[in-house]
Amino acid sequence: MPHTAEWKIGLHLFEDDGGTTKAHAVLDTGTTTLTGHGTAHCNPTDANVPEIGDELAAGRAMDDLAQQLLSLAVGDIEDVDRSRPGIRQVTEHPV
């Protein structure tokens, strides 16, 4: 049976005056919402290039989101396995 779904992802970036960039990646599946978080800190000796902080924070937020999604899938697989009736094994007894 074919299946089609559309999940929406929003990525929000925030940079403060101290050179810290924070990212929130929000996944909305229609039934579940997950939020990943990531941060990046500019080394005081490095040039402040906002795009690099955005990339690092966004990548870390999406990685966090991916880990949450994988954990959710593992839990769902375990739930499906627990709900299946046990398979009976036939043990042969010596006659």
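Residues numbered from 1 in each chain as written. Predicted model: local features only at pLDDT ≥ 70, side-chain atom pairs only at ≥ 80, totals over all residues. Heavy atoms only, no water.

Glancing now at the overall build of the protein chain. Looking only at helices and strands, the protein chain has one helix and three strands in total. Its helices and strands in sequence order give the protein chain the pattern β-β-β-α, from N to C terminus. Per-residue burial for the protein chain yields a buried fraction of 17% across its 95 residues. (Helix = DSSP H or I, 4+ residues; strand = E, 2+ residues; numbered from the N terminus. Buried < 20%, exposed > 50% of the residue type's maximum accessible area, 1.4 Å probe, protein only.)

Now for the nonpolar core. Ala-23, Ala-25, Leu-27, Leu-34, Ala-40, Ala-57, Ala-61 and Leu-65 together form the largest nonpolar core, which totals eight residues. Contributions of two or more residues to this core are made by strand S2 (20-28), strand S3 (33-41) and helix H1 (50-83). (Core = buried A, V, L, I, M, F, W, Y, C linked by side-chain atoms within 4.5 Å.)

What the largest pocket holds in volume is close to 160 Å³. Forming the walls of the largest pocket are 14 residues, and the residues nearest its centre are His-41, Cys-42, Val-49, Ile-52 and Gly-53. Those elements that provide at least two residues to the lining of the largest pocket are S3 and H1. Of the residues that constitute the lining of the largest pocket, the class distribution is six nonpolar, six polar and two charged. (1 Å grid on protein atoms, 1.4 Å probe; cavity = no way out; pocket = protein on both sides within 12 Å on 5 of 7 lines; lining within 4 Å. Points joined across faces, edges and corners; volume = space filled by probe spheres on them. Nonpolar A, V, L, I, M, F, W, Y, C, P; charged D, E, K, R; others polar.)

Our next topic: the sheet that holds S3. Two pairing modes exist for strands in a sheet, parallel and antiparallel, and in both the strands are linked by backbone hydrogen bonds. The strand order across the open sheet built from three strands is S1-S2-S3, with neighbouring strands paired in antiparallel fashion. Edge positions in the sheet fall to strand S1 (8-15) and S3, since each of these pairs with one other strand and no more. Taken pair by pair, the neighbouring strands of this sheet meet at an average axis angle of 15°, ignoring direction. Two strands pair when backbone bridges link them, and S1 and S2 are joined in this way by eight bridges, in the antiparallel orientation. Counted as the bridge partner of His-12 is His-24 from S2. Across the sheet, H1 is in contact with S1, S2 and S3; its angle to S3 comes to roughly 145°. (Pairing = 2+ DSSP bridges. Axes fitted to C-alpha atoms, helices over the stretch in contact; angles between N-to-C directions. Contact = heavy atoms within 4.5 Å.)

This brings us to the pairing of S2. The hairpin formed by S1 and S2 contains four residues between the paired strands, and Gly-19 there has a positive phi angle of roughly 85°. Between S2 and S3, which pair antiparallel and follow one another directly, the connecting turn spans four residues, one of which, Gly-30, has a positive phi of 100°.

Before going further, it helps to examine the pairing of S3. Residues Leu-34, Gly-36, Gly-38 and Ala-40 point to one face of S3 and are all buried, whereas Thr-33, Thr-35, His-37, Thr-39 and His-41, pointing to the other face, are not buried. Note that S2 and S3 share nine bridges and pair antiparallel. Pairing of Lys-22 across the sheet is with Thr-39, part of S3.

The next thing to look at is the pattern of salt bridges. In this structure the tally under the stated criterion is two salt bridges. Between Lys-8 and Glu-6 there is a salt bridge; the shortest N-O distance is 3.0 Å. Glu-6 sits in the exposed class, given a relative accessible area of 61%. A salt bridge links Asp-79 to Arg-82; the shortest N-O distance between them is 2.6 Å. Of the two residues, Asp-79 and Arg-82 both sit in helix H1, three residues apart, roughly one turn of that helix. (Salt bridge = Lys/Arg side-chain N within 4 Å of Asp/Glu carboxyl O.)

The values reported here are purely geometric and, on their own, carry no functional implication.
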